[in-house]
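Geometric and topological summary
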Amino acid sequence: FFVLTKERGPLYALVFAHVFGLIILANVLFFWRVIRHRFLLTWEQVSLTGIAVLVPFVFGVPYYWLDLPWLKAVNTVHIGFFLTALMFSIIVLQGRLKTIIRSLDESAMRNQFMLSHANAIFYTITAQGRFSYISPSCQSFLGHCSHDMVGHDYREVMIADDVDRFNAFLTCVVKRGSIGSGVEYRVRHKDGSIRWHTSSIKPVLDKQGNPVTFVGIAHDITFVKKAQDELRAVNHQLGQLIARRESELREAVAEALHASESETRRIGREIHDTLCQELVGVLRMTEGVVKHCDTLETKRSAQKSVEQIGQI
């Protein structure tokens with residue numbers, strides 16, 4: 001039988017320094033990557049990393065430099081590298097998990113902040129019409145806490161006269177299977193006031209096409225509806241004002257026409273009463289002149305005047 005034995009040649013120290021130098025370099029690079037990517041967040045991980053770096057030296061130096069009988073049967077270097085790899089894996093896994101958890105927490109906090117301060121209400125309602133989720137912004141729009149609204153029917157806050165229209169809208173979006181928007185309805189605030197809302201809703205359907213839940217976003221349009229009512233009132237007042245001004249204008253035109261006719265008749269009477277009489281007088285005087293004319297030419301001129309005045 002052949003027996004494998006260890007012999008230290010002239011390059012043994014050089015090879016030993018090269019191998020463990022690579023180990024040290026790998027540890028330095030590992031620490032640099034860890035610090036750069038901020039995997040290590042606790043002193044527990046830092047301590048574990050230090051132990052992992054020392055393990056190869058603790059298990060390797062006795063095997064290579066101490067001539068102990070029991071070390072001939074057990075290669076402690078392999079055990080040291082196995083423990084180092086195991087500890088490094090635990091450190092990296094913890095760092096990754098902490099990074100993922102921190103990212104999830106930050107994302108959840110960011111989403112919660114957006115849902116709490118968004119200028120809208122995000123909600124989900126079941127096929128039976130009960131709220132399964134409603135964003136915290138509900139309190140600023142309806143006065144109710146979001147936790148108190150979960151499990152309640154949406155008809156409890158909606159004005160009864162608008163329920164049928166809202167249900168018809170839900171039926172329509174289920175038939176289309178896509179998002180629908182534009183439905184307007186009234187809701188009752190916690191303080192008793194009436195608010196106008198509009199929603200965009202997307203149905204979540206099962207394989208048979210039946211609604212499982214509805215995902216919606218609601219906006220408060222009370223200010224818009226109030227502005228529309230005021231605009232309609234202003235338009236009505238403007239229409240009445242225009243109609244009144246047209247009536248006044250027609251009356252003024254009628255009065256002006258009546259005044260014009262009266263003035264025409266007055267002028268006609270004056271012409272008939274004064275001018276005609278004066279023309280008759282002039283005619284008679286001209287006829288008298290004709291009788292007393294001495295010359296034929298003068299008599300012809302006077303006769304011509306009499307004919308012209310008679311034509312008038």
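Structure: see above.
What comes next is a walk through the structure. (Residues numbered from 1 in each chain as written. Predicted model: local features only at pLDDT ≥ 70, side-chain atom pairs only at ≥ 80, totals over all residues. Heavy atoms only, no water.)

**Points about the overall build of the protein**
For clarity, the threshold we go by: Put simply, DSSP marks the helices as runs of H or I at least four residues long and the strands as runs of E at least two long, and each gets a number from the N terminus on. For every residue, the accessible area obtained with a 1.4 Å probe (protein chains only) is divided by the maximum for its type, and the residue is called buried under 20%, exposed over 50%, and partly exposed between those limits. Contact between two residues is taken to exist if any of their heavy atoms lie within 4.5 Å; hydrogens are not considered. Areas reported as accessible are Shrake-Rupley estimates using a 1.4 Å probe. Residue values count occlusion only from the protein chains shown.
Tallying secondary structure elements over the protein gives eight helices and five strands in all. The linear arrangement of helices and strands in the protein, starting from the amino end, is α-α-α-β-β-α-α-α-β-β-β-α-α. The buried share of the protein, taken over its 312 residues, is 25%. Counted over contacts in the protein with a minimum sequence separation of 6, partners at least 24 positions apart contribute 48%. Taken as a whole, the protein presents about 22200 Å² of accessible surface, with 63% of it coming from carbon and sulfur.

**Overview of the nonpolar core**
Basically, it comes down to this: We define a nonpolar core as any set of buried Ala, Val, Leu, Ile, Met, Phe, Trp, Tyr and Cys residues linked to one another through side-chain atoms lying within 4.5 Å.
Counting residues in hydrophobic clusters, the biggest one holds 24 residues, and the most contacted among them are Ile121, Tyr123, Phe166 and Tyr185. For this core, the leading source of residues is helix α6 (residues 160-176), giving six residues. Setting aside residues no more than four positions away along its own chain, Ile121 makes contact with Ile134, Ser135, Ser137, Cys138, Phe141, Leu142, His197, Gly216, Ile217 and Ala218.

**Here we look at the state of the cysteines**
Each disulfide is one covalent bond, formed between the sulfur atoms of two cysteines. Note the following rule: The rule for a disulfide is simple: a pair of cysteine sulfur atoms within 2.5 Å.
In total, this model carries zero disulfides according to the counting rule given. As a non-bridged cysteine, Cys145 has Cys138 as the owner of its nearest cysteine sulfur, 8.0 Å distant.

**Describing the sheet that holds strand β5 (residues 211-220)**
The condition is simple: We treat two strands as partners when DSSP finds at least two bridges between them. To obtain each axis, a line is fitted to C-alpha atoms, and for helices this fit is confined to the stretch in contact; angles are then taken between N-to-C directions over 0 to 180 degrees.
Read from one edge of the open sheet, five strands run β2-β1-β5-β4-β3, paired in antiparallel fashion. Strands at the two margins of the open sheet, each flanked by one partner only, are β2 (131-134) and β3 (180-188). Ignoring which end each strand starts from, the neighbouring axes of this sheet average 30° apart. Where β3 meets strand β4 (residues 194-205), eight bridges bridge the pair, whose relative direction is antiparallel. Following the sheet pairing, Gly180 is matched in β4 by Ile201. In this fold α6 packs onto β1 (121-126), β3, β4 and β5, with an angle of close to 155° to the strand it touches most, β3.

**As for the pattern of salt bridges**
Inclusion rule: When a carboxyl oxygen of Asp or Glu is within 4 Å of a side-chain nitrogen of Lys or Arg, the pair counts as a salt bridge.
Scanning all chains against the criterion turns up six salt bridges. Here Asp162 makes a salt bridge to Arg165, at a shortest N to O gap of 3.0 Å. Taken together, the positions of Asp162 and Arg165, both in helix α6 and three residues apart, correspond to about one turn of that helix. Ionic pairing is found between Glu248 and Arg245, a salt bridge with its closest N-O pair at 3.4 Å. In this pair, Glu248 and Arg245 both sit in helix α7 (residues 222-291), three residues apart, roughly one turn of the helix. Judged by relative accessible area, Glu248 falls into the partly exposed class, the value being 40%. Within the structure, one salt-bridge network assembled from shared partners comprises Asp162, Arg165 and Arg186.

**Observations concerning the packing of aromatic side chains**
Centre-to-centre distance and the angle between the planes together describe a pair of aromatic rings. To keep things clear, this is the line we draw: Pairing of aromatic rings covers Phe, Tyr and Trp, the last counted by its six-membered ring, and requires centre-to-centre distances within 6.5 Å; plane angles under 30 degrees mean stacked, over 60 mean edge-to-face, and any other angle means tilted. A ring has a charge above it when a Lys NZ or an Arg CZ is no more than 6 Å from the ring centre and no more than 35 degrees off the ring normal.
Inspection of every chain in the model, using the stated rule, returns three aromatic pairs. Aromatic side chains Tyr154 and Phe166 sit 5.1 Å apart centroid to centroid with 55° between the ring planes, which places their arrangement in the tilted category. On the criterion of sequence distance, the pair formed by Tyr154 in the loop between α5 (146-149) and α6 and Phe166 in helix α6 is long-range, its members being twelve residues apart. Residue Tyr154 is classed as buried on the basis of its relative accessible area of 4%. The structure contains a cluster of three or more aromatic residues connected by ring pairs, namely Tyr154, Phe166 and Tyr185. Here the guanidinium or amino end of Lys225 rests over the ring plane of Trp196, the centre of that ring lying 4.5 Å away.

**Focus: the side chain of Ser199**
Heads up, the condition is: Any pair of N or O atoms that falls within 3.5 Å is considered a polar contact. Within protein, one atom must be able to donate a hydrogen and the other to accept it, and sequence-neighbouring residues count only if both atoms are side-chain atoms.
By secondary structure assignment, the location of Ser199 is in strand β4. Of note is the side chain of Ser199, whose polar atom sits 2.9 Å from the side chain of Tyr123. Reaching out from Ser199, the side chain makes a polar contact with the side chain of Tyr185 at a distance of 2.6 Å. Once residues within four sequence positions are removed from consideration, Ser199 is found in contact with Tyr123, Phe169, Gly180, Ser181, Gly182, Val183, Tyr185, Ile217 and Ala218.

**Focus on a nonpolar patch on the surface**
What counts, and what does not: Surface patches are defined over residues having more than 30% relative accessible area and no salt bridge, joining like charges when they lie within 9 Å and nonpolar side chains (Val, Leu, Ile, Met, Phe, Trp, Tyr) when within 5 Å.
A cluster of nonpolar side chains, namely Leu93, Leu97, Ile100, Ile101 and Leu104, defines an oily patch on the protein surface of about 490 Å² accessible area. Examined against the element boundaries, Leu97 turns out to sit in helix α3 (residues 76-117). Residue classification places Leu97 among the partly exposed positions, given a relative accessible area of 43%.

**Considering the environment of His152**
Take His152: it is sitting in the loop between α5 and α6. Judged by its relative accessible area of 33%, His152 is partly exposed. For the pair His152 and Phe131, spaced 21 residues apart in sequence, the C-alpha separation works out to 5.8 Å. Other than its neighbours up to four places away in sequence, His152 contacts Gly129, Arg130 and Phe131.

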